[in-house]
Each structure stands twice: as C-alpha cells, then as structure tokens.
Amino acid sequence: MNKQEKDEYLERLWVMEESGQDTVEELKRTMGSYFDNEKLEGIANEKLVTLSESGTKVVLTKNGRKLSRQIIRAHRIGERLLYDVYGKDFEQGACEFEHTTTIELVDGICTLLGHPKECPHGLPIPEGECCRNYAETAHNVVKHLNELEVGQSARVAYINCRSDGQMHRLNGFQIKPGATITLHQRTPCHVVECEGASIALDEEIVSNICVWSTSPEFKPEQRQSLQAKELGNKAWWKRLFNFN
Ligand SMILES: [Zn+2]
Ligand SMILES: [Zn+2]
Ligand SMILES: [Zn+2]
C-alpha cells in the first residue's frame, strides 16, 4: 500500500471521529469503491488503527491519530490558502497538497495566513507548532469584525464563508483579505464601511469576517506586504498544488 492510500484511510478516520463515527461500515460508505478490507487490516498491522474483535468498529491508535492530525492539518491549511487566494475550486488541490507537503511548509503557510483556526468549510484546523508559538508571543492577532469598537478600522485577514454566494457578495463589496474595513454601527444592524461604501451586513456574516488586530506589537502593513508579495508570486504555490 502506498503512502497516499494510507493517508486517505487516516484522513477519513479523523473526519469520522470528529462526527462521532467508529464503524467499518461508515468507513466503507465514505470511501466507496476505494475501500479495501486488506488495506484496512494492513493499517491495523502497522498499529495505526485498532479493529474491534468482531471487526465492525475501527479507531485510531495514538500513532495513527498523530499522523491523521498532520494530514488533516495540511489538507485544511491547503484549502484555506486556495480559498483565500482563488475564492473556490480548492477541494482537489488541497487533497493533492497534503500528500506531498512537509510539516515545515504547512507551518510556513499557516504563519503567512495568520494561523487560521478553521478551513473554508468551517471545520477546525488542528494547531501546529507555529500556532502555539505565536499564541505565546502575540495575543489576539486576528479577531472577528464584530469584536471591533464602533468607529474602529482594521484590515481583513480572511473570511470564513460557508457558501460561494456569500463570498461573491462580499467580493462585490470589495470586502476581501487586505481590504480596510470600518465598523460604523452595531445596532439595529451592523453597518461597515469598505472602500468608501457603507454596507449593512447581518450578524452571521460579520462574525465570519476576521481582521488583523491593531495591537501595538503587531504591524498589519508588514504582514500585508508579505502576503501580497508571496501570493503575488503565484508560481510557487501553483506548483505546490499541481496547477498549470
Ligand atoms: Zn484530503
Ligand atoms: Zn475543509
Ligand atoms: Zn500556525
């Protein structure tokens, strides 16, 4: 069994665990025609999963969970990068990325994106070494737009959108990573200003927009120019995802 095949089992098992599932039946269902009982037994022999005596339940071992965590982290960081840069079509690229990347590269991208906590689907991104170090040195670097004081401005770091429609709508208002946004009013509805236009947004959308906190120890201009420079040079990340 090659690494990519093994990764696929570990990835599915992590996602199953997140939703409280532990049956081989469910694993079969999510893997479809890729499921192969011999391969599952192979992974069990490597002590990455434990099968119940009856063979109907499957759980990750400590080692298996450690590996799955890395794969899931790479997958969701990859999605975050593609989504923030491209707006959509991130699914396939992210799934290729996770099998070829290294922990260092994932941490590098994580840092570049400001240590995001969720993938574009709203699923948690497991923390990396970089996130833990960062949390210790700088608190609350990214916060939700609705945590700003009325009248305060900040730069958009990233947006956790669950639908393309929402994303396109925000894009139409020029609300995207790097844009400066001001919170004008909180009640009866949220009113923000972006690129000279006043826009009314509902609570859910406002809480999905994450902005750079302007704490004195942190300079958003530096990060933005880094982000723009790195992402502007599209060749490197397109290569990462096997894009042409
Ligand atoms: Zn994947
Ligand atoms: Zn996702
Ligand atoms: Zn991080």
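Residues numbered from 1 in each chain as written. Chains lettered and ligands numbered in written order. Predicted model: local features only at pLDDT ≥ 70, side-chain atom pairs only at ≥ 80, totals over all residues. Heavy atoms only, no water.

J.: What should I look at first to understand unusual backbone geometry in this one?
T.: Excluding glycine, residues mostly have negative phi values, and the peptide bonds linking residues are mostly trans. Note the cis peptide between Thr 187 and Pro 188, where omega equals -5°. Mapped onto the elements of the fold, Pro 188 is located in the loop between strand E5 (180–185) and strand E6 (190–194). (Helix = DSSP H or I, 4+ residues; strand = E, 2+ residues; numbered from the N terminus.)

J.: Hey, could you run me through helix H8 (residues 164–172) in this one?
T.: Residue pairs three or four apart in sequence face the same way in an α-helix, which turns once every 3.6 residues. Inspection of H8 places Gln 166, Met 167 and Leu 170 among the buried residues, and these make up the whole buried set. For H8, the angular spread of buried residues about the axis comes to 100°, placing them on one side. Away from its buried face, by an angle of more than 90 degrees, H8 presents the exposed residues Gly 165 and Gly 172. (Buried < 20%, exposed > 50% of the residue type's maximum accessible area, 1.4 Å probe, protein only. Arc of directions from axis to C-beta.)

J.: Sorry if this is basic, but what is going on with the packing of helix H1 (residues 3–18) against helix H2 (residues 24–31) here?
T.: Geometry of a packed helix pair, given as the angle between the helix axes and the separation of the axes. Interhelical geometry of H1 versus H2 gives an angle of 120° and a closest axis separation of 10 Å. The orientation of H1 relative to H2 falls into the category oblique. Crossing of H1 over H2 shows right-handed handedness. Listed contacts from H2 to Glu 8, Tyr 9, Arg 12, Leu 13 and Met 16 of H1 are Glu 26, Leu 27, Thr 30 and Met 31. (Axes fitted to C-alpha atoms, helices over the stretch in contact; angles between N-to-C directions. Parallel < 35°, antiparallel > 145°, perpendicular 65-115°, else oblique. Left-handed = near helix turned anticlockwise from the far one by under 90°. Contact = heavy atoms within 4.5 Å.)

J.: Sorry if this is basic, but what is going on with the coordination of the zinc ion (ligand 3) here?
T.: Six octahedral donors at a metal ideally form angles of 90 or 180 degrees, and four tetrahedral donors ideally form angles of 109.5 degrees. Surrounding the zinc ion (ligand 3) are the protein donor atoms Cys 110 (SG), His 115 (ND1), Cys 130 (SG) and Cys 131 (SG), at 2.1 to 2.4 Å. Around the zinc ion (ligand 3) sit 4 donor atoms; with metal-centred angles ranging over 99 to 117°, the donor geometry is tetrahedral. (Donors = N, O, S within 2.8 Å, 3.2 Å for Na, K, Ca; no water. Tetrahedral: all angles 85-135°; square planar, octahedral: opposite > 155°, others 65-115°.)

J.: Help me understand the sheet that holds strand E3 (residues 142–144) in this model?
T.: What holds strands together in a sheet is hydrogen bonding between their backbones, with the strands either parallel or antiparallel. Taking strand neighbours across the sheet as the criterion, the 6 strands line up as E3-E8-E4-E5-E6-E7 in an open arrangement whose pairing is antiparallel. Looking along the sheet, the strands with just one partner apiece sit at the ends: E3 and strand E7 (197–201). On average, each strand axis in the sheet is inclined to that of its neighbour by 45°, with strand direction left out of account. The pairing of E5 with E6 spans 4 bridges and is classified as antiparallel. From the neighbouring strand, Thr 182 faces E6, where its bridge partner is Glu 193. Strands in contact with H8 are strand E4 (153–159), E7 and strand E8 (209–212); relative to E7, the strand with the most contacts, it is inclined by about 155°. (Pairing = 2+ DSSP bridges.)

J.: What is the right way to read the pattern of salt bridges from this model?
T.: When the charged atoms of two side chains with opposite charge come close together, those side chains can pair. Using the criterion set out here, one finds 10 salt bridges in the structure. Ionic pairing is found between Lys 57 and Asp 22, a salt bridge with its closest N-O pair at 4.0 Å. Of this pair, Lys 57 sits in the loop between strand E1 (49–51) and strand E2 (58–60) while Asp 22 sits in the loop between H1 and H2, placing them 35 residues apart in sequence. By relative accessible area, Asp 22 is classed as partly exposed at 26%. Across the pair Glu 127 and Arg 132 runs a salt bridge whose closest N-O atoms are separated by 3.8 Å. Of the residues examined, Glu 127 reaches a relative accessible area of 36% and is grouped as partly exposed. (Salt bridge = Lys/Arg side-chain N within 4 Å of Asp/Glu carboxyl O.)

J.: How should I be thinking about the coordination of the zinc ion (ligand 2) in this particular structure?
T.: Those donors, Glu 79 (OE), Cys 119 (SG) and His 121 (ND1), are the protein atoms that reach the zinc ion (ligand 2), and they lie 2.0 to 2.3 Å from it. Written as a sequence motif, the donor residues of the zinc ion (ligand 2) are E-x39-C-x1-H. Relative accessible area serves as the criterion here: at 0%, Cys 119 is assigned to the buried category. Under the relative-accessibility criterion, His 121 is labelled partly exposed at 37%.

J.: How do you make sense of the packing of aromatic side chains when you look at a structure like this?
T.: The way to describe two aromatic rings as a pair is by their centre distance and the angle between their planes. All chains considered together, the criterion is met by 1 aromatic pair. Ring geometry for Tyr 9 against Phe 35: centres 6.4 Å apart, planes inclined by 50°, an arrangement best described as tilted. Residue Tyr 9 is found in helix H1, and its partner Phe 35 is found in the loop between H2 and helix H3 (37–45); the two are separated by 26 residues along the sequence. Tyr 9 sits in the buried class, given a relative accessible area of 2%. (Phe/Tyr/Trp six-rings, centres within 6.5 Å; stacked < 30°, edge-to-face > 60°.)

J.: How do you make sense of H2 when you look at a structure like this?
T.: Turning to H2, its buried residues are Val 24, Glu 26, Leu 27 and Met 31. Summarising the axial view, the buried residues of H2 lie within an arc of 160°, below the 170-degree limit, and thus occupy one face. Turned more than 90 degrees off the buried face of H2, the exposed positions are Glu 25 and Arg 29. Looking one or two places after H2, you find Gly 32, whose phi comes out positive at around 60°.

Function cannot be read off these values alone, since they describe shape.
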